[in-house]
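Here's the letter readout for the chains.
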Amino acid sequence: MHKKINLFFVIILSGFIIGCGNNTEEHDEHEEYPERTHSDEKSDLVFTSHQIEHIDLETSIAESKEVDVPLILSGRIALNEALTAHITSRVKGRIEKVYALVSDRVNKDEILLELYSQEFLAIQSEFIQAEERFKRIKENDPEKVTAKSIYESAQKKLEVVGLTETEILQLADNHTPFTLLPVRAPFTGTLLSGEARLGEFIEVGQDFFLLANLQNLWVLADVFEKDLPLVREGITGEVVPAAYSNEVYKARLTRIYDIVEPSSRTIKARFEVSNHLNKLKPEMFVSVQVSSKLSGINPKVPSTSIMKEKNGAYVFVAINDTTFQTREIHLGKETKDYTEVIDGLKVGKKVVIRGTFYLKSELSKETFMEDEH
């Protein structure tokens, strides 16, 4: 009888010990793999240490810093209007000689053609008479001032029609008029258009050639309205022609135009570029690579941290090593690498920059489960 009672207590004691052991194992397992819970807010995610080890997460601090903003602008080559001139006739006459044709490269003061003009001969005759009178009148003569004024006026007319200082002095010395009036290039460049035909009668103001200096050109690039704060006059860029994609030309932004194109919402930015190799041609398509800076007191975060939705954007903020919270934010300037946050995030907060899609997936699961309940 006593043996049966003792055996009964042994069995009960053994069961109690085994039960306690199972509870201990369950407790340890719960500590290592606790069930992921959520705070009262739907936007919080809480993970275990074990889960975090298997998630490829990376975080970054939201900083108020200056970041590089690379821009690539589309544009085209244009003539430098400051180095472009219409060569026109300054007197009536007839073309007697032609020395240059369209597409010719000419030097400054090179004679392009010569005119025979009765008007030019009359201007020379007027100058000779004024010069003779001015020299003939004595210094103390009251008419000396008037004679000088007439002489200077006649000299100015010769300068206007195109005679050089040397030619005017020659005319003053020998009083022999020039038969033909030379038409010269005002600067070194290329004759782009126009024609001068031998024997053609011309009027005052008639075009002979369009001359342009192609050693210095403009690039007219399109800046989107949203990128306008990132560009300023004086910054440099690199011009890459579509025809020579492996070549780079340095350029400087000299003017931002004042008009927005309504259809494209772009503003013209004018760059100056050197063309010493004569490979760039007007109307060529180019891209302009500009390195700008995004500064200001607003926090900047890596663009990979931004999660966008139809109604806005948010980031995952790391509350601690295992807890993450979504923060709705308002975006400012967006670049490939960094994005400015105008509202919703303070400087110094730690945001998730890698693993965001995993967190978003987990958040979606919980939202679905809560909606089901």
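The rules behind these values
Residues numbered from 1 in each chain as written. Predicted model: local features only at pLDDT ≥ 70, side-chain atom pairs only at ≥ 80, totals over all residues. Heavy atoms only, no water. pLDDT = per-residue confidence, 0-100. Contact = heavy atoms within 4.5 Å. Pairing = 2+ DSSP bridges. Helix = DSSP H or I, 4+ residues; strand = E, 2+ residues; numbered from the N terminus. Salt bridge = Lys/Arg side-chain N within 4 Å of Asp/Glu carboxyl O. Buried < 20%, exposed > 50% of the residue type's maximum accessible area, 1.4 Å probe, protein only.

### A short note on the confidence of the model for the protein
Reasoning step 1: The predicted model of the protein has a mean per-residue pLDDT of 87, with 86% of residues at 70 or higher.
Reasoning step 2: The low-confidence segment residues 1–5 (pLDDT under 50) makes zero contacts with residues lying over four places distant or belonging to another chain.
Reasoning step 3: Here residues 16–42 is a poorly scored stretch, pLDDT under 50, and it has 18 contacts once near neighbours within four places are set aside; other chains count.

### Some words on the sheet that holds strand β10 (residues 201–202)
Reasoning step 1: Here four strands make up an open sheet; going across it, the order is β8-β7-β5-β10 and the pairing antiparallel. The open sheet has two free edges, formed respectively by β8 (181–184) and β10, since each of these has just one partner strand.
Reasoning step 2: In terms of strand pairing, strand β7 (residues 111–116) meets β8 through four bridges, oriented antiparallel. When the bridges of β8 are listed, leucine 113 appears paired with valine 183.

### With respect to the pattern of salt bridges
Reasoning step 1: Using the criterion set out here, one finds 22 salt bridges in the structure.
Reasoning step 2: Among the ionic pairs, lysine 293 bridges to aspartate 68, the shortest N-O distance being 2.3 Å. Of the two residues, lysine 293 sits in strand β16 (residues 285–294) while aspartate 68 sits in strand β3 (residues 67–78), which places them 225 residues apart along the sequence.
Reasoning step 3: Residue classification places aspartate 68 among the partly exposed residues on the basis of a relative accessible area of 44%.
Reasoning step 4: With a shortest N-O distance of 2.9 Å, glutamate 238 and lysine 250 are connected by a salt bridge. Here lysine 250 lies in strand β14 (residues 249–261) and glutamate 238 lies in strand β13 (residues 236–241), a separation of twelve residues in the sequence.
Reasoning step 5: On the basis of relative accessibility, which here comes to 28%, the residue glutamate 238 falls in the partly exposed class.
Reasoning step 6: A cluster of three or more residues bridged by salt bridges with shared partners is formed by Asp56, Glu58 and Arg354.

### Some points on the sheet that holds strand β6 (residues 105–106)
Reasoning step 1: A sheet is described by the order of its strands in space; here four strands give the open sequence β4-β11-β9-β6, paired in antiparallel fashion. The open sheet is flanked by β4 (84–88) and β6, the only strands paired with a single partner.
Reasoning step 2: Two strands pair when backbone bridges link them, and β4 and strand β11 (residues 207–212) are joined in this way by five bridges, in the antiparallel orientation. In the strand pairing of β11, alanine 85 is matched with leucine 211.

### Description of the side chain of threonine 339
Reasoning step 1: By the secondary structure assignment, threonine 339 is in strand β21 (residues 338–343).
Reasoning step 2: Excluding residues within four positions of it along the chain, threonine 339 makes contact with Pro299, Lys300, Val301, Ser303, Ile306, Leu331, Lys333 and Glu334.

### A few points about the pairing of strand β19 (residues 312–318)
Reasoning step 1: Of all seven residues that make up β19, six are buried, and the element is covered over most of its length.
Reasoning step 2: One ladder, built from three bridges, connects strand β18 (residues 307–309) with β19; its direction is antiparallel. Paired with glutamate 309 across the strands is glycine 312, a residue of β19.
Reasoning step 3: Between β18 and β19, which follow one another and run antiparallel, lie two residues.

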